[in-house]
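Here is what each chain is made of, one letter per residue.
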There are 2 protein chains.
Amino acid sequence: MAFSITILGSNSAVPVYGRHHTAQYLQVENSHFLLDCGEGTQLQMQRYGLKPQKLNAIFISHLHGDHYLGLAGLLSTLHLQGRSKALHLYAPPPLADILTLQFRYADTTLRYPLHFHPLDMRKPALIIDNEQLTVRTLPLQHRIDCVGFVFAEKPYPLRLNKEKLPPDLSLAEIAALKKGEDVTDADGNIRYRNSDYTLPPKRARSYAYLTDTLYLPHLADSLHGVDMLYHEATFLTEKELKASQTYHATAGQAALLAKEAAAGKLLLGHFSARYKDLQPLLEEARKVFEESYLAIEGETFHITH
Amino acid sequence: MAFSITILGSNSAVPVYGRHHTAQYLQVENSHFLLDCGEGTQLQMQRYGLKPQKLNAIFISHLHGDHYLGLAGLLSTLHLQGRSKALHLYAPPPLADILTLQFRYADTTLRYPLHFHPLDMRKPALIIDNEQLTVRTLPLQHRIDCVGFVFAEKPYPLRLNKEKLPPDLSLAEIAALKKGEDVTDADGNIRYRNSDYTLPPKRARSYAYLTDTLYLPHLADSLHGVDMLYHEATFLTEKELKASQTYHATAGQAALLAKEAAAGKLLLGHFSARYKDLQPLLEEARKVFEESYLAIEGETFHITH
């Protein structure tokens, strides 16, 4: 089943060279998420054949315009298209004020429930915990309050070894095997030992989305073993001073964090308008962390088991 | 010199078929104006090679998102690109609250003076009156307060008939001829009679921008003789009830107003997402008013003298 990230926009501040403001479409099995929503996100979703009506939740990292100015338009489109299904919005608390004002003056009452979940911007928090996955926030360091998001699947059940499976098992007994239990008879004696009939579970997958921020080495622990890390890489190392002055990171720093966190892959994004050619950013990162990739718009990155 | 309108977006409510939300770039000689600013306007300006830094003023008709949600992003881009020149914003009063909130939470103080001119949404008003042109508002009838804008050049001076012009004229005397005065000697006797040395002036040009609104026949007087009228044409006549219920107009109604106002040309826009093919809207209008055109994105319409 799917665990995929489609890049809708990965440029910083000023959109140039056909590159758009930040937004990503994350699909985890049947859950559809939007991470940030820069101006033009709804048009980018159309361009890449993604259906806004499928969205279950939207996550906004911080209140710089290049990360949320497409939100009011997207929410309006869902309304105009007749959505009735609830939508969850996880965002910095003041966004509620902004949206309320915009919808009030437009005399718009959304036809669907929009559940606004104000984020604690200063402390790590578990914001979603359901059967399928957890979503955690990690406070970042930017010019204004900003958080990253970590999406992690829950552990999968054991797989059944279908070749060996006895034909007389009941559904309840199969469920027990998947949970790692043995199948016993009425007296509690083992009829089928779990390890004889099961295989190791599929690996649970994870994705971390970190933008905009200074390089924060202490996050390596929280991110340990993450399958894919998206980390902002606004500048090259030669602009490291500029990066820290503007609370941004370099491609080299992003790679260092990926390496320290033993991440599977690193996606670089939030490119400065000063770089028309992004190849130098990629090369800088790969010197530190080989499995680095550019978050190019329209590309979909799959995380496998 | 230029008097031209470039269509950046002309779709209503939900952006579809690659069509964008409302925005137009109006150039009148050396003045550069933006009329409405739907989501993605700054990207559309880039696409069509228009420079946001040249803008002198932005006019917002009303506070439905498809007419202003690109504004905060555009204003930010001007800021990030280092603009220092003042920008004038003519808009419904509550837009000041929305922008203030957005810039406050983004911790952004614009580097250039943004002069906010709150519009009186209920009465016609003269909002600009300088040497070059006048801009008037016309209250429209929509679900929320909405105004149209009429841009009219001031009368041009008489042209000099260069073939007949005596070589001994001073600059002051030439200026007097252009104003329609005769050239006299010290005793007040006519040396050069104005009509012998001048030709009729260039025709002053005008443009009216009316969206979103019900069909308002009484506007024909205010618009009399306008060179070009942009009028919303959200629906075909077969949806006239739907049009009036949603405070919109049909292509036929737009054409009727153009005819009654004796306009030079009519531009149809603000197309409903229900129309993939816009040709029927054009045909409906042309049955009433031959000089009707579709406001297709990327097209520039020139108004000649």
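About the cut-offs
- Residues numbered from 1 in each chain as written.
- Chains lettered and ligands numbered in written order.
- Predicted model: local features only at pLDDT ≥ 70, side-chain atom pairs only at ≥ 80, totals over all residues.
- Helix = DSSP H or I, 4+ residues; strand = E, 2+ residues; numbered from the N terminus.
- Buried ≥ 20, exposed ≤ 12 C-beta atoms within 10 Å, placed from the backbone.
- Contact = placed C-beta atoms within 7 Å.
- Pairing = 2+ DSSP bridges.
- Least-squares fit on C-alpha atoms with pLDDT ≥ 70 in both.
- Axes fitted to C-alpha atoms, helices over the stretch in contact; angles between N-to-C directions.
- Core = buried A, V, L, I, M, F, W, Y, C linked by C-beta atoms within 7 Å.

Draft legend 1. Spatial organisation of the overall build of chain A. Per the secondary structure count, chain A includes 9 helices and 18 strands. For chain A, the C-alpha atoms occupy an extent of roughly 70 × 55 × 35 Å along the three principal directions. Counting only residues that meet the buried cut, chain A has 46% of its 305 residues in that class. Within chain A, residue pairs in contact and separated by at least 24 positions form 63% of the contacts whose partners lie at least 6 positions apart.

Draft legend 2. Geometry of the environment of B:His62. Relative to the assigned elements, B:His62 resides in the loop between strand 4 (57-59) and helix 2 (71-80). If sequence neighbours within four positions are ignored, B:His62 has contacts with B:His67, B:Pro92, B:His142, B:Ile144, B:Asp145, B:Cys146 and B:Asp212.

Draft legend 3. Spotlight on the environment of A:His142. Residues and elements named next belong to chain A. The residue His142 is located in the loop between strand 8 (133-139) and strand 9 (147-153) in this model. Judged by the 20 C-beta atoms lying within 10 Å of it, His142 falls in the buried class. For the pair His142 and Thr246, spaced 104 residues apart in sequence, the C-alpha separation works out to 7.8 Å. If sequence neighbours within four positions are ignored, His142 has contacts with His62, Asp212, Thr213 and Tyr247.

Draft legend 4. Structural view of the pairing of strand 14 (residues 206-210) of chain A. All names here are of chain A. Across the 5 residues of strand 14, 5 count as buried, placing the element largely inside the fold. Across 4 bridges, the pairing between strand 9 and strand 14 is antiparallel. Residue pairing in the sheet places Phe149 in a bridge with Tyr209 of strand 14. Where strand 14 and strand 15 (residues 228-232) come together, 4 bridges link them in parallel fashion. Within the sheet, the bridge partner assigned to Tyr209 lies in strand 15 and is Tyr230.

Draft legend 5. Quick look at the environment of B:Lys179. Relative to the elements of secondary structure, B:Lys179 occurs in the loop between helix 4 (171-178) and strand 11 (183-184). In this structure, the C-alpha to C-alpha distance between B:Lys179 and B:Phe301, residues 122 residues apart in sequence, is 31 Å.

Draft legend 6. Expanded view of the relation of the copies chain A and chain B. Least-squares fitting of chain A to chain B yields an RMSD of 0.0 Å, with the transformation described by 0.0 Å of translation along the axis and a rotation of 180°. A rotation of that kind, with that shift, is consistent with a two-fold axis. Relative to the rotation axis, the closest C-alpha in chain A is found at A:Gly40, a distance of 2.7 Å.

Draft legend 7. Geometry of the sheet that holds strand 15 (residues 228-232) of chain B. All names here are of chain B. The sheet built from 7 strands is open, its strands ordered 7-8-9-14-15-16-17 with mixed pairing. Looking at which strands have only one partner, the edges of the open sheet turn out to be strand 7 (125-129) and strand 17 (292-294). Each strand of the sheet is rotated relative to its neighbour by a mean of 20°, with strand direction disregarded.

Draft legend 8. Spatial organisation of the nonpolar core. Residues A:Leu229, A:Ala254, A:Leu266, B:Leu229, B:Ala254 and B:Leu266 are the most contacted members of the largest nonpolar core, which totals 159 residues. With sequence-adjacent residues up to four places away left out, A:Leu266 is seen in contact with A:Leu229, A:His231, A:Ala254, A:Ala255, A:Ala258, A:Ala285, A:Phe289, A:Glu291, A:Ser292 and A:Tyr293.

Draft legend 9. Quick look at helix 8 (residues 251-260) of chain A. Residue and element names in this part refer to chain A. Counting buried positions over the 10 residues of helix 8 gives 8, a clear majority of the element. Residues Ala251, Gly252, Gln253, Ala254, Ala255, Leu256, Leu257 and Ala258 constitute the buried set of helix 8. Note on helix 8: the residue one or two positions beyond its end, Ala262, has a positive phi of about 50°.

Draft legend 10. Local environment of the sheet that holds strand 9 of chain A. Residues and elements named next belong to chain A. Read from one edge of the open sheet, 7 strands run 7-8-9-14-15-16-17, paired in mixed fashion. On the outer flanks of this sheet lie strand 7 (125-129) and strand 17 (292-294), each paired with one strand and no other. Recorded for the sheet is a direction-independent mean angle of 20° between the axes of neighbouring strands. As defined by bridge partners, strand 8 adjoins strand 9 across 7 bridges and the pair is classed as antiparallel.

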